[in-house]
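Coordinate inspection notes
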Amino acid sequence: VRSRLRAIVGASTNWSDHVQAMHERKDLHSLLAKQQEDLPPRRMNDSYIEVILPLGSQPELREKYLNVHNSVRFGRILEDLDSLGVLICYTHTKHEASQRSPLSIVTALVDKIDLCKKVIYPDCDIKFTGNVSWVGKTSMEVKMHMLQLHDDTYSPVLDATFVMVARDPENKRSAFVNPLIPEGPEEEEIFRKGELNKMRRVDFSTASLLKMAPTAEERTIVHNIFLNTLDTRTVSFRSRVLPPNSVWMEDAKLKGLVICHPQERNIFNRIFGGFLMRKAFELGWATASSYGGSRPYIVAVDDIMFQRPVEIGSLLLLSAQVCYTEKKYIQIRVHSEVYDSDTREHKTTNVFHFTFMSEIEVPQIVPKTYGGKWQF
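In this convention, every chain numbers its residues from 1, walking through the sequence in written order. Residues qualify for local features only when their pLDDT is at least 70, as the model is predicted, and side-chain atom pairs are given and counted only at 80 or more; totals for whole chains, interfaces and linings, by contrast, use all residues. Only heavy atoms go into the side-chain values, all of them from the structure, while hydrogens and water stay out.

Comments concerning the packing of aromatic side chains
Here is the rule: Only Phe, Tyr and Trp rings take part, Trp by its six-membered ring, and two of them pair if their centres are within 6.5 Å. Stacked means planes under 30 degrees apart, edge-to-face means over 60, and tilted covers everything else. With a 1.4 Å probe rolled over the protein chains alone, any residue whose accessible area is under 20% of its type maximum counts as buried; one over 50% counts as exposed, and the rest are partly exposed. Whether a charge sits over a ring comes down to the Lys NZ or Arg CZ being within 6 Å of the ring centre and within 35 degrees of the ring normal.
In this structure the tally under the stated criterion is five aromatic pairs. Aromatic pair Phe-354 and Phe-356: ring centres 6.3 Å apart, planes at 45 degrees, arrangement tilted. When its relative accessible area of 0% is taken as the criterion, Phe-356 is described as buried. When the ring centre of Tyr-154 is taken as origin, the NZ or CZ atom of Lys-127, which lies over that ring, is 4.6 Å away.

As for the side chain of Glu-79
Quick note on the threshold: Helix and strand definitions here come from DSSP, where helices need a minimum of 4 consecutive H or I residues and strands a minimum of 2 consecutive E residues; each element is numbered from the N-terminal end. Think of a polar contact as two N or O atoms within 3.5 Å of one another; within protein, one of them needs to be a possible hydrogen donor and the other a possible acceptor, and neighboring residues in sequence only count if both atoms come from side chains. Contacts are residue-level and defined by heavy atoms, with any inter-residue pair within 4.5 Å sufficient.
Turning to its location among the elements, Glu-79 is positioned in helix α4 (residues 74–92). Side chain to side chain, Glu-79 and Arg-278 meet in a polar contact 2.8 Å long. If we ignore the near neighbours within four places in the chain, the residues touching Glu-79 are Arg-2, Phe-272, Gly-274, Phe-275 and Arg-278.

What about the UniProt feature "domain: HotDog ACOT-type" (unreviewed entry) in the chain?
To keep things clear, this is the line we draw: UniProt positions are given in the numbering used here, feature names are shortened, and annotations may be inferred rather than shown by experiment.
According to UniProt, the "domain: HotDog ACOT-type" (unreviewed entry) feature falls on residues 47–170 and 250–362. This span, residues 47–170, is 19% helix and 44% strand, and a straight line between its end C-alpha atoms measures 24 Å. Segment residues 250–362 splits into 18% helix and 48% strand. End C-alpha atoms: 16 Å apart.

Side note on the packing of α4 against helix α7 (residues 273–292)
The criterion, for reference: Here an axis means a line fitted to C-alpha atoms, over the contact stretch when the element is a helix, while the angle between two N-to-C directions is reported on a 0 to 180 degree scale. Roughly parallel covers angles under 35 degrees, roughly antiparallel covers those over 145, roughly perpendicular covers 65 to 115, and oblique covers all other angles. Note: crossing handedness is left-handed where the near helix turns anticlockwise from the far helix by less than a right angle, and right-handed where it turns clockwise. Following the grouping adopted for this structure description, the nonpolar residues are Ala, Val, Leu, Ile, Met, Phe, Trp, Tyr, Cys and Pro, the charged ones are Asp, Glu, Lys and Arg, and the polar ones are all others, Gly among them.
Look at α4 against α7: their axes get within 8 Å of each other, and the N-to-C directions meet at 160 degrees. In terms of orientation, α4 lies roughly antiparallel with respect to α7. The handedness of the crossing between α4 and α7 is right-handed. Between α4, through Phe-74, Gly-75, Arg-76, Leu-78, Glu-79 and Asp-82, and α7, the contact on the second element is made entirely by Gly-273, Gly-274, Phe-275, Met-277, Arg-278 and Phe-281. Residue composition of the contact of α4 with α7, grouped by class: five nonpolar, three polar and four charged.

Regarding the sheet that holds strand β7 (residues 253–259)
Selection rule: Two strands qualify as a pair provided that DSSP identifies no fewer than 2 bridges between them.
If you walk across this open sheet you meet the ten strands as β1-β3-β4-β5-β2-β8-β11-β10-β9-β7, and the pairing is antiparallel. The strands lining the two open edges of the sheet, one partner per strand, are β1 (49–53) and β7. Pairs of neighbouring strands in the sheet enclose a mean axial angle of 25 degrees, with direction left out of account. As defined by bridge partners, strand β9 (residues 315–326) adjoins strand β10 (residues 329–340) across eleven bridges and the pair is classed as antiparallel. Bridge pairing in β10 places Glu-326 opposite Tyr-329. On top of the sheet, α4 reaches β1, β2 (104–115), β3 (126–135), β4 (139–150), β5 (153–167) and β8 (297–306); it is set at about 45 degrees to β3, its chief contact.

Observations concerning helix α6 (residues 216–228)
Cut-off, in case you're wondering: Helix span is expected to be 1.5 Å times the residue number reduced by one. Read the arc as the range of directions from the helix axis to the C-beta atoms.
With 13 residues, α6 should reach 18 Å at 1.5 Å per residue; the first-to-last C-alpha distance of 18 Å fits that figure. Listing the buried residues of α6 in full gives Val-222, Ile-225 and Phe-226. Seen along its axis, α6 keeps its buried residues to an arc of 100 degrees; they face one direction. Along α6, the residues that are exposed and aim more than 90 degrees away from the buried face are Glu-217 and Asn-228.

What follows is the structure, given as structure tokens:
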């Protein structure tokens, strides 16, 4: 998959050649469409791809994917899904006049990943399938599925929804993509859900606490949390009591630092989004493990927003926080930012949300501050 992506973009495998390779992409500007109507429409089946990860038939691949619990590292799966999603979009937007695509397609959002298997086995082949399921003017929604071979039958493991955006050859401005025409009632329903997903994301972004006040229901929830932690002996706002079998949110954090080396670059010579997801997931997993006191299993991934690219050489700061718990379930939020040592500025690059299930019931997480309550 990654070799095909390099060929489509014209990226070099050598770090020393990347400047020349990116300079040559400027010549592809003339291939960009002036409007979406100039591009031929595509069907969902046109972008359909199947890829096999032969962990069962090629044992030499297992080392890269193996974790200490003798199962597959989910962070590696996130990397593979990210690469496959981009290739699916390039297949949808294939330019007949040129082997190299004038588009720079990058991941904008991981909308949802739902897992239906607790363990992914390291010695059985894995199959990924996917296609473009919805298209806007410059963005594409991709549905992907992962299955694993057991007793000569592929069984579902996870379903994923990614959103990709198309940019010009230099990755500076938005670019139009081929429209999508659904065929039949089933595809029309898939396309309709894609449109609803877009509207939900727009509504969610406008509902941010930075843009509007909380609702009456949300204010009631926050007030009840405050009352449950109030010291009844003093009735002072400053005096707080932790309920039994609970942990203050501020005491359930882990942090990490990553130096972004050229080895982790993508085809556009920025840090690979899949690598960022893997590092965030691993810190989130460690946070869930230390909080719950047992091995956590990933259940779902939600709302991974790619707010800005990470340049090679950046110092990437990761901060994981337990933000909600219920019985055996632990919700982790991971915030990543780059630090510019010259300007001493911190800029947010990504926000990740992971849901884990512990082997045992976990303590209740309790926010202590106003900001913590809204993370809750």
